[in-house]
Amino acid sequence: MVEIDKSKPVMVTGATGYVAGWIVKKLLDEGLTVHAAVRNPNNEEKIKYLKLLAASSKGQIKFFKADLLEKSSYDDAVKNCELVFHTASPFSNRVKDPQKELIDPALEGTRNVLDSVNKSETVKRVVLTSSVAAIMGDTKDLLDIPNRIATEENWNISSSLTHQPYSYSKTLAEKEAWNINEKQNKWDLVVINPTLVLGPGISPAITSESYKLMQQLGDGSMKMGVPDFQIGVVDVRDVAEAHYKAGFTPEAKGRHIVNAESKTFLQIADLVRKNYGDKVILPTKTLPKWVVWLAAPTAGLKRKFVTKNVGYPWTVDNRKSIEKLGIEYRPLEVTVNDFFEQMIDNGAFEKA
Ligand code: NAP
């Protein structure tokens with residue numbers, strides 16, 4: 001049981017990120033002081049929306065310069081905090097050097113953040129933004145587990161540096177966080193494992209892969225059809241709520257799968273077709289798996305990925321997040337329509 005004193009500041013790593021934006025907003029709305037750890041606090045353009053959020057809320061925000069790859073760089077930001085949200089980690093599937101661009105910042109970054117936490121005398125709880133990617137690697141892996149439904153008991157055992165390296169980075173980072181947590185007894189660790197996060201961003205300039213994926217769905221890149229690829233999806237606002245509850249629910253414990261529904265890409269497109277079908281170019285059909293397999297390299301996909309992920313159902317158990325954190329999931333129709341509305345307003349599909 002961990003009670004957090006809300007008069008103390010709360011550190012958020014990667015405060016400029018898509019998921020972090022909503023966490024910061026929630027904390028500010030609740031009147032808390034946020035220690036926003038960002039790579040470049042002097043980039044006024046990038047942080048001004050966070051300052052505006054603070055100005056119109058009960059809370060306060062203070063910026064600190066920190067980089068996942070720099071030892072001790074979170075020492076100042078963590079000072080006087082009882083609660084830490086560690087969200088920073090590169091989220092991309094398009095990298096040239098997975099070790100340098102994904103594994104090092106995720107793994108070394110987790111070590112560096114938790115090293116600063118260990119040096120602090122005040123931190124009582126760390127909430128880590130992991131991913132369902134640390135639970136399941138390939139969709140096909142679900143066939144090997146009881147009832148074919150992934151739970152918090154499962155770990156990704158199929159990703160590697162060469163196959164799904166982002167998922168591998170999240171798995172290594174979460175495991176390392178648990179290892180470091182077990183070696184001390186000053187702070188506890190609560191983990192959030194979201195599926196694909198969608199929904200409008202707080203920042204006007206979203207960089208997350210979530211945004212790029214939905215942009216591709218609507219800009220005509222997939223007009224010939226989409227793979228029969230099923231994924232779990234959750235609203236970014238519900239993910240932020242889950243983080244908040246994980247931080248401030250004294251009895252919160254362990255990992256939490258955060259997922260609203262499973263959908264194929266075609267089903268996601270169908271959710272927005274009625275409202276925005278005339279403004280974006282959405283796919284209308286599913287491509288046969290053999291076509292996707294053949295075309296994979298030209299679409300930037302590995303054939304092994306297609307073999308192990310296309311055409312399988314994706315099911316995860318989200319009951320713990322509902323029962324222990326009290327999350328009430330928004331319908332996905334709301335999530336994706338709100339997201340598309342924002343993206344259209346921002347000109348994301350202008351070439352469509
Ligand atoms: P995002 O907008 O790209 O956020 C990533 C954040 O990590 C950014 O704030 C970025 O800082 C920071 N970061 C990256 N490298 C860093 C470094 N070397 N030092 C310091 N900060 C660094 O992506 P997101 O979707 O919000 O992802 C946030 C977290 O959610 C990640 O841990 C991701 O794995 C997890 N997650 C995301 C999803 C999803 O579907 N979006 C699903 C499951 C889990 P800059 O702003 O300076 O670039």
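Residues numbered from 1 in each chain as written. Predicted model: local features only at pLDDT ≥ 70, side-chain atom pairs only at ≥ 80, totals over all residues. Heavy atoms only, no water.

(A) Quick look at the side chain of N309. Structurally, the position occupied by N309 is in helix 10 (residues 303–309). Residue N309 is classed as buried on the basis of its relative accessible area of 2%. Of the polar contacts made by the side chain of N309, one reaches the side chain of D138; its length is 2.9 Å. When neighbours within four sequence positions are excluded, N309 is seen to be in contact with G137, D138, T139, Q164 and F229. (Helix = DSSP H or I, 4+ residues; strand = E, 2+ residues; numbered from the N terminus. Buried < 20%, exposed > 50% of the residue type's maximum accessible area, 1.4 Å probe, protein only. Polar contact = N/O pair within 3.5 Å; in protein donor to acceptor, adjacent residues only side chain to side chain. Contact = heavy atoms within 4.5 Å.)

(B) Examining unusual backbone geometry more closely. Even without a glycine there, the phi angle at N80 is positive, about 70°. Mapped onto the elements of the fold, N80 is located in the loop between helix 3 (75–78) and strand 4 (83–86). Even without being glycine, R148 reaches a positive phi, approximately 60°. With respect to the secondary-structure elements, R148 resides in the loop between strand 5 (125–129) and helix 5 (165–182). On the basis of relative accessibility, which here comes to 47%, the residue R148 falls in the partly exposed class.

(C) The arrangement of the nonpolar core in detail. Formed by 74 residues in total, the largest nonpolar core has its most connected members in L27, I61, M214, L217, F265 and F340. With 8 residues, the top contributor of residues to this core is helix 1 (residues 18–29). In terms of nonpolar packing, the next biggest core, distinct from the first, is built from 23 residues, F64, Y74, V78 and V123 among them. (Core = buried A, V, L, I, M, F, W, Y, C linked by side-chain atoms within 4.5 Å.)

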